[in-house]
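# Tertiary structure, described
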Amino acid sequence: MQATPPIGTTPLAKREARLAWGLLSPTIISVTLVVALPLLAIFWISIKPVSLADLRPPVPNVREDVRGSGDELFIRYRLRNSSQDKSISDVILRDTIPDEVTITGALPEICSLDETVLSCDLGTLEGGASDQLRIPITAADEEATEQALKGSKPLISGDSENILTNTDFTLDNFARVFDGREFWEVLWVTLFYTIFGTIGALVVGLFAALLLNKEFRGQGILRGLYLFPYVAPVIAVAFSWLILFDPFSGSANALLVQMGAIDSSINFFGERPQALIMVTLFEIWRYFPLSFLFILARMQSIDTDMYEAADMDGATPFQKFWYLSVPQLLGILSVLFLLRFIWTFNKFDDIFLLTGGNAGTRTLTVNVYEQAFAVSNIGAGAAVAVVIFCCLLGFSFFFFRFMSKEEGL
């Protein structure tokens, strides 16, 4: 009896596999480029001494105008290096002199005139340097001369080193990130915000799903209200929270004072540790609808026969929930925990709108913004982004390494 070849080893199966990979290759290449290129750029910038001003390579600038009058008329070229610390070499200025203009007197030594083309070899412009060139001229009509010069723009060129493409590397960006207690404080705040925000959103979403898992009048309206925090614009809801909890005119403080719960107003978003607790509560409130939707969908797909059997055995509601519902929900809860942890760890806009990272709410993502744009150190900001990537990579590895197979991951 002839043995059957293993699945996938026949010539037809191999041809089908090659065809499948060929059809998928454009998508795989596109996704890889979209994901890999920005990631490689971040790693590259993190080991470069790059400031915000270095993103644009230094270039020479020139402005031309006509000054003086009568016999002392001259063309003035104002030259400037766009960079304050990077030099530009082999700077050449070229300009076409209009027919209405006649150059008189001696040209500067660095300039030459070939018919109507003026060329000036300026050599090297140091960082932050500015200079002027004066070319004496005569003209019958000064106003017409100025108009003619405006129609002929001078051209200037030069060679400069681009810090993004040279071979200068440094680890100072990472040393700056890990220097002192600041990084560990920021990391602790990030972990607190991420862990409690993620778990809180899952727990609140689970309770909301339990409430709406039964049919009752007005269920659709209540579901729509539950989705409001997630679909509302983040700017609108963030400023609504700021106004609601304002220490001077907020309704929450006024109500608490009138009830006698507090003696004076509390600055919820301006003091430690209230600010961190409030931004975490905002994270829970804003993103529990996502967990609610997924958990409710999974609940409604569970077979009701086992609940009926549990009722016949006299099981309590808590026992049915803990021993029947929870095992069925572990898979979706695990997926939601993974996604919400990654998304919350990368969250920037919520905290920035509520506190700007002040009052002990500075997370790693806010630190990226402050390093890159507030301090103008793009390299340090990229180094913090690399740290965020490594943290999430380590979390993902740990999550998948120790996730039980019964949960479907």
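As a starting point, this report considers the structure included with it. Think of each chain on its own: its residues are numbered from 1, step by step along the sequence as written. With pLDDT at 70 or above as the cut-off, local features in this predicted model cover only qualifying residues; side-chain atom pairs require 80 or more to be listed or tallied, and sums for whole chains, interfaces and linings still use all residues. Hydrogens and water molecules were not included; the side-chain quantities draw on all heavy atoms of the structure.

## A few points about the packing of helix α8 (residues 274-299) against helix α10 (residues 317-345)
Here, axes are lines fitted to C-alpha atoms. For helices the fit covers the stretch in contact, and angles between N-to-C directions go from 0 to 180 degrees. A helix here means a DSSP run of H or I that spans at least four residues, while a strand means a run of E at least two residues long, and both kinds are numbered starting from the N terminus. α10 packs onto α8 with a crossing angle of 155° between their chain directions and a minimal axis gap of 10 Å. Relative to α10, the element α8 is oriented roughly antiparallel. When you trace α8 past α10, the crossing you get is right-handed. Of α10, the residues touching α8 (which contributes E283, Y287, L290, S291, F294, I295, R298 and M299) are Q328, L329, I332, L333, L336, R340, W343 and T344. An angle below 35 degrees is read as roughly parallel, one above 145 as roughly antiparallel, one from 65 to 115 as roughly perpendicular, and any other as oblique. Note on convention: near helix rotated counterclockwise from far helix by under a right angle means a left-handed crossing. Clockwise means right-handed. Contact criterion: two residues are considered in contact whenever any of their non-hydrogen atoms come within 4.5 Å of each other.

## Structural notes on the pattern of salt bridges
Whenever a carboxyl oxygen of Asp or Glu lies within 4 Å of a side-chain nitrogen of Lys or Arg, that contact is scored as a salt bridge. Under the criterion given, the structure shown has seven salt bridges. As a salt-bridge pair, K320 and D311 come within 2.8 Å of each other at their nearest N and O atoms. A salt bridge links R362 to E370; the shortest N-O distance between them is 2.7 Å. Look at the salt bridges and you will find they share partners, linking D65, R76 and R78 into a network.

## Looking at the sheet that holds strand β8 (residues 155-159)
Strands in a sheet are paired, the pairing made by backbone hydrogen bonds, and the direction either parallel or antiparallel. In short, DSSP must find at least two bridges between two strands for them to pair. Judged by pairing direction, the sheet is antiparallel, and its four strands sit side by side in the order β5-β6-β3-β8 without closing on themselves. Looking at the sheet topology across the chains shown, the edges are occupied by β5 (111-114) and β8. The sheet shows a mean angle of 20° between the axes of neighbouring strands, direction not considered. Looking at chain direction, strand β3 (residues 88-96) and β8 are connected through four bridges and run antiparallel. Paired with L93 across the two strands is I156, which belongs to β8.

## With respect to the packing of aromatic side chains
When the centres of two rings from Phe, Tyr and Trp lie within 6.5 Å, Trp using its six-membered ring, the rings pair. Their planes under 30 degrees apart give stacked, over 60 give edge-to-face, and anything left gives tilted. For the structure shown, the criterion picks out 27 aromatic pairs. With a centroid separation of 5.7 Å and 85° between ring planes, the pair formed by F43 and F389 is classed as edge-to-face. Highlighted residues: F43 in helix α1 (residues 11-46) and F389 in helix α13 (residues 378-402), separated in sequence by 346 residues. Buried, partly exposed and exposed residues are distinguished by accessible area as a fraction of the type maximum, computed with a 1.4 Å probe on protein chains only: under 20%, between the cut-offs, and over 50%, respectively. Using a relative accessible area of 30% as the deciding quantity, one classes F389 as partly exposed. Ring centres of F341 and F345 lie 6.1 Å apart, and the angle between their planes is 20°; this geometry places the pair in the stacked category. Of this pair, F341 and F345 both sit in helix α10, four residues apart, which is roughly one turn of that helix. For the pair shown, F341 and F345 are each scored as buried. Ring-pair connections join several aromatic residues into one group, and the members of that group are W241, F245, F268, F269, F282 and W285.

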